[in-house]
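Single-letter residue listing:
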Amino acid sequence: MLETTDIAAVALQESGGSAVSKEGAAALAVGLGALGTGYAQSRIGAAAVGAVAEDDEMFVTGLIFTALPETLIIIAFVTIFLV
Amino acid sequence: MKVRTEGSSNYEYVTARVRSRKKKLFDEDDYRKLVRMGQGEIARFMEETEYGTEMNALGTRHSGVDLVEYALNRNLAKHFDDLLTWAEGPLYDYVANYLRKFDAWNVKTVIRGVYTDAAPEDIETDLIRTGEFSERRLDRAAEAGSIEDVTEQLSPTIFGDPLDAAMGDFESEDVLVPLENAVDRAYYAHLLDELGRTVPNSPEALYGEFLEAEIDFRNLRNALRIARSGADIDPADYYIEGGQLFDREELREVATNVDELVERVRASTYGAELSRALEELEAADSLIRFERALEAALLEYSSKLSNRYPLSVCPVISYILAKEREVRNVRAIARGREAGLPVEEIEEELVMT
């Protein structure tokens, strides 16, 4: 995550002059975390829907596994309160 | 016949559905029950399972063992068409290519039907309507009056040229083996074409490996059959390209000597998987049991691949094989009961994993 903010800092330096503010970096972190979550959930979700289509009993299991990557973004959300 | 579909494959969705369906196939207990049932009981059992819809739909037109068989075929076609509706991207291409197997099957059914002068309606009911051929092409091939007509009907397809080439052999010897092998060869040749060069250890490479194994097993089976029948046929003529176990010349050498063949297979990469099959062959000297063991080995191999590469075409292929196996098992049971075979003999015909 540190590298990403470094790159972002370099990229934004030209127009803004100073590096990204602390809040900005935290927002970036949350955003990137959300992207990761979305990617993971899309693939798990597809598999879960497939399983549920064949067997209704898979619904709860499928839901749990689809929601698991949610932890990623929840933990990323903590950064907001740390800055 | 290169159809490259754009976009990415939805392996997650398809493999999840396929695995769930594979789980629902008959297991050993079901077979044990089925083998001991009478004809009526088998039909009733089938109505309560997966095949119920088809049994009811066809119940007015057919009865007894025929009903079971047609219901099995129709159900098979339904499931494999489902696979094609789900799959996207390159996965669709792989599955569609593999399902050309049923085009090959249909071509062989038509040829056999025409050869035995069966009525077109009878041939049509035996076709499995999945795969690449259109309904119309199938119907017209079934209505053909002679083998020549059939090959003419099929000339625009991948089977056209190989069938033409095999006609000479067929005419001089009046056996169907050359034609049937031409069909198989055309199917496998195009399967490997499509795969092209692959990165080692990628899902595509494993799929290629699986196809190679299938070709090797088929070559092996053909060689043994020719050796056993004692017919004066050159096994190399029936060699299917693409395997890695034998080349054409080697096949000719080993086909005359069964012991050498067995040794050869034992030393190869399939040694471990085929050890049971080879023992059967040596001990019982029974070709049928060897062939069944060979099929079981292929099934196991495909399951192994599908576990090693969960997000690839392997689970789908494994499902196709297992479903096909189930259909053949149930048919063997139904036909066996009809003919009044003893339970043990029918069980020998079954392939279970």
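It should be emphasised that the depicted structure is a prediction, and the values quoted were computed from it without experimental measurement. (Residues numbered from 1 in each chain as written. Chains lettered and ligands numbered in written order. Predicted model: local features only at pLDDT ≥ 70, side-chain atom pairs only at ≥ 80, totals over all residues.)

## Side note on the overall build of chain A
In plain terms, the rule: Counting from the N terminus, the helices are DSSP H or I runs at least four residues long and the strands are E runs at least two residues long. The exposure label follows from counting other C-beta atoms within 10 Å of a residue's C-beta, where the C-beta atoms are placed from the backbone and the thresholds are 20 or more for buried and 12 or fewer for exposed, leaving partly exposed in between. Remark: residues whose backbone-derived C-beta atoms lie within 7 Å of one another are considered to be in contact.
Helices and strands together make up the secondary structure of chain A, namely four helices and zero strands. Counting from the amino terminus, chain A carries its helices and strands in the arrangement α-α-α-α. Across the 83 residues of chain A, 12% fall into the buried class. In chain A, once contacts between residues fewer than 6 apart in sequence are set aside, the share between residues at least 24 apart is 57%.

## As for the overall build of chain B
Condition: We compute the radius of gyration over the C-alpha atoms and compare it with the globule rule, which gives 2.2 Å times the number of residues raised to the power 0.38.
Secondary structure assignment for chain B yields 19 helices and zero strands. Taken against the 2.2 N^0.38 rule, which gives 20 Å for 353 residues, the C-alpha radius of gyration of chain B at 20 Å falls within 12% of a compact globule. A fraction of 61% describes how many contacts in chain B between residues 6 or more apart in sequence connect residues 24 or more apart.

## Some thoughts on the domain arrangement of chain B
All names here are of chain B. Selection rule: A domain assignment, automatic or from a database, supplies the domain bounds used here. The nonpolar class holds Ala, Val, Leu, Ile, Met, Phe, Trp, Tyr, Cys and Pro. Asp, Glu, Lys and Arg form the charged class, and all remaining residues, Gly among them, are polar.
When the domains of chain B are assigned, the result is domain 1 (17–78 + 313–353), domain 2 (99–190) and domain 3 (197–312). Computed over C-alpha atoms only, the centres of domain 1 and domain 3 are separated by 26 Å. Counting residues per element, the side of domain 1 that touches domain 3 draws most heavily on helix H18 (residues 314–338), at seven residues. Looking at the side of domain 1 that touches domain 3, its residues break down into seven nonpolar, two polar and two charged.

## Observations regarding the interface of chain B and chain A
Between chain B and chain A, the contact holds eight residues from the first and nine residues from the second. Tallied by class, residues from the side of chain B that touches chain A come to three nonpolar, two polar and three charged.

## Examining the nonpolar core
Our working rule: Working definition: the nonpolar core is a set of buried Ala, Val, Leu, Ile, Met, Phe, Trp, Tyr and Cys residues, joined through C-beta atoms within 7 Å.
One finds Val68, Val95, Phe210 and Val316 of chain B to be the most contacted residues of the largest nonpolar core, which totals 104 residues. Not counting chain neighbours up to four residues away, the residues in contact with Phe210 of chain B comprise Tyr301, Ser302, Leu305, Cys314 and Ile317 of chain B.

## What to know about the confidence of the model for chain B
All names here are of chain B. Applied cut-off: Along the chain, pLDDT gives the predictor's confidence residue by residue, from 0 to 100.
The predicted model of chain B averages 81 in pLDDT, with 93% of residues at 70 or higher. Across chain B, the element-wise mean pLDDT spans from 73 in helix H16 (residues 271–284) up to 91 in helix H1 (residues 11–23). Two numbers describe this predicted complex: its pTM, 0.82, and its ipTM, 0.72.

## Thoughts on the environment of Arg308 of chain B
Residue and element names in this part refer to chain B. Its location among the elements puts Arg308 in helix H17 (residues 287–308). Among the residues examined, Arg308 registers 12 C-beta atoms within 10 Å and is labelled exposed. For the pair Arg308 and Leu206, spaced 102 residues apart in the sequence, the C-alpha separation amounts to 9.3 Å.

## Let's talk about helix H9 (residues 135–142) of chain B
Residue and element names in this part refer to chain B. Quick note on the threshold: Throughout, the arc means that of the directions going from the helix axis to the C-beta atoms.
Every buried residue of H9 is listed here: Leu138, Ala141 and Ala142. Looking down the long axis of H9, one finds its buried residues gathered within 100° of arc, a one-sided arrangement. Turning to H9, the residues buried within the fold contact helix H7 (100–115), helix H8 (120–126) and helix H10 (147–153).

## Digging into the environment of Leu321 of chain B
By the element assignment, Leu321 of chain B lies in helix H18. Residues within four places of Leu321 of chain B in sequence aside, it is in contact with Leu298, Leu299 and Ser302 of chain B.

## Things to note about the confidence of the model for chain A
On average, residues of chain A score 84 in pLDDT, and 78% of them are at 70 or above. Predicted confidence in chain A is weakest over helix H1 (residues 2–16) of chain A, with a mean pLDDT of 60, and strongest over helix H3 (residues 58–67) of chain A, with 94.

## A closer look at the packing of H17 of chain B against H18 of chain B
Residues and elements named next belong to chain B. Short version of the rule: Only C-alpha atoms enter the line fits that serve as axes; for helices the fit covers just the stretch in contact. Angles between N-to-C directions range over 0 to 180 degrees. Angular relationships are summarised with four words: roughly parallel below 35 degrees, roughly antiparallel beyond 145, roughly perpendicular across 65 to 115, and oblique for the angles in between. Crossings are classed by handedness, with left-handed meaning an anticlockwise turn of the near helix from the far one by less than a right angle and right-handed meaning a clockwise turn.
Two elements in contact, H17 and H18, have axes whose closest approach is 8 Å; the angle formed by their N-to-C orientations is 150°. In terms of orientation, H17 lies roughly antiparallel with respect to H18. Crossing angle aside, the handedness with which H17 passes H18 is left-handed. Residues Leu298, Leu299, Ser302, Ser303, Leu305 and Ser306 of H17 form the contact with H18, whose own contacting residues are Cys314, Pro315, Ile317, Ser318, Leu321, Ala322 and Arg325. Class assignment for the residues of the contact of H17 with H18 results in eight nonpolar, four polar and one charged.

## A word on unusual backbone geometry
All names here are of chain B. One non-glycine residue, Asp117, lies in the positive phi region at around 60°. Mapped onto the elements of the fold, Asp117 is located in the loop between H7 and H8. Residue Asp117 is classed as exposed on the basis of its C-beta count, with 8 C-beta atoms lying within 10 Å.

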